[in-house]
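# Examining the three-dimensional arrangement
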Amino acid sequence: MQDAVLRKLYLGFIQIHILHHAKTEPVYGSWMIAELARHGHTLSAGTLYPILHGLTKAGLLSVEKQTVEGKYRKYYRLTESGACVLLLAKEKIQELTREI
């Protein structure tokens, strides 16, 4: 039970991390996996891509396909709705951090 709850919380933080980076510059899956690993988070493509697709479906990210070295790569950017959600999430994180 605890593992399921912790995983759900962890994936929420990962989503915020993705939105944060997509605000600064377009991101793509393998770059995001490496960026998260740089912060000590090990995430497989099988975990990351459904998160990216979910954020896109929710309208928080937009996606653009580009050809890089003969292969398609999907770049994700923060949408206006995503920027609003990110701002609210940051406010909630700051509030929670002050409280705990």
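Structural data are supplied above this passage.
What counts as what
Residues numbered from 1 in each chain as written. Predicted model: local features only at pLDDT ≥ 70, side-chain atom pairs only at ≥ 80, totals over all residues. Heavy atoms only, no water. Salt bridge = Lys/Arg side-chain N within 4 Å of Asp/Glu carboxyl O. Helix = DSSP H or I, 4+ residues; strand = E, 2+ residues; numbered from the N terminus. Buried < 20%, exposed > 50% of the residue type's maximum accessible area, 1.4 Å probe, protein only. Axes fitted to C-alpha atoms, helices over the stretch in contact; angles between N-to-C directions. Left-handed = near helix turned anticlockwise from the far one by under 90°. Contact = heavy atoms within 4.5 Å. Nonpolar A, V, L, I, M, F, W, Y, C, P; charged D, E, K, R; others polar. Patch = residues over 30% accessible without salt bridge, like charges linked within 9 Å, V, L, I, M, F, W, Y side chains within 5 Å. Areas by Shrake-Rupley, 256 points an atom, 1.4 Å probe, with all protein chains shown as cover. Phe/Tyr/Trp six-rings, centres within 6.5 Å; stacked < 30°, edge-to-face > 60°. Lys NZ or Arg CZ within 6 Å of the ring centre and 35° of its normal.

## A closer look at the pattern of salt bridges
A side chain with one charge can pair with a side chain of the opposite charge if their charged atoms come near. Inspection of every chain in the model, using the stated rule, returns one salt bridge. The closest approach of N and O atoms between Glu35 and Arg38, which form a salt bridge, is 3.1 Å. Pair noted here: Glu35 and Arg38 are both in helix H2 (residues 29-38), with a separation of three residues, about one helical turn. Residue classification places Glu35 among the buried positions, given a relative accessible area of 7%.

## A look at the packing of helix H1 (residues 2-24) against helix H3 (residues 45-57)
Taken N-terminus to C-terminus, the directions of H1 and H3 make an angle of 65 degrees; their axes are 11 Å apart at the nearest point. Judged by the twist between their axes, the crossing of H1 over H3 is right-handed. Of the residues in H3, those in contact with Arg7, Leu11, Ile14, Gln15, Ile18 and Leu19 of H1 are Thr47, Leu48, Ile51, Leu52 and Leu55. For the contact of H1 with H3, the class distribution of residues is eight nonpolar, two polar and one charged.

## Remarks on a nonpolar patch on the surface
Together, Met1, Val5, Leu6, Leu9, Phe13 and Ile93 make up a nonpolar patch on the protein surface, roughly 650 Å² of accessible area in all. Take Phe13: it is sitting in helix H1.

## Some points on the packing of aromatic side chains
Scanning the model with the defined rule gives one aromatic pair in all. Their ring planes at 70 degrees and their centres at 5.4 Å tell us that Tyr28 and Tyr75 sit as a pair that is edge-to-face. With Tyr28 in the loop between H1 and H2 and Tyr75 in strand E2 (residues 71-78), this residue pair connects regions lying 47 residues apart in the sequence. Tyr75 gets classed as buried once you look at its relative accessible area, which sits at 15%. Above the ring of Tyr28, the side-chain terminus of Arg73 is found at 3.8 Å from the ring centroid.

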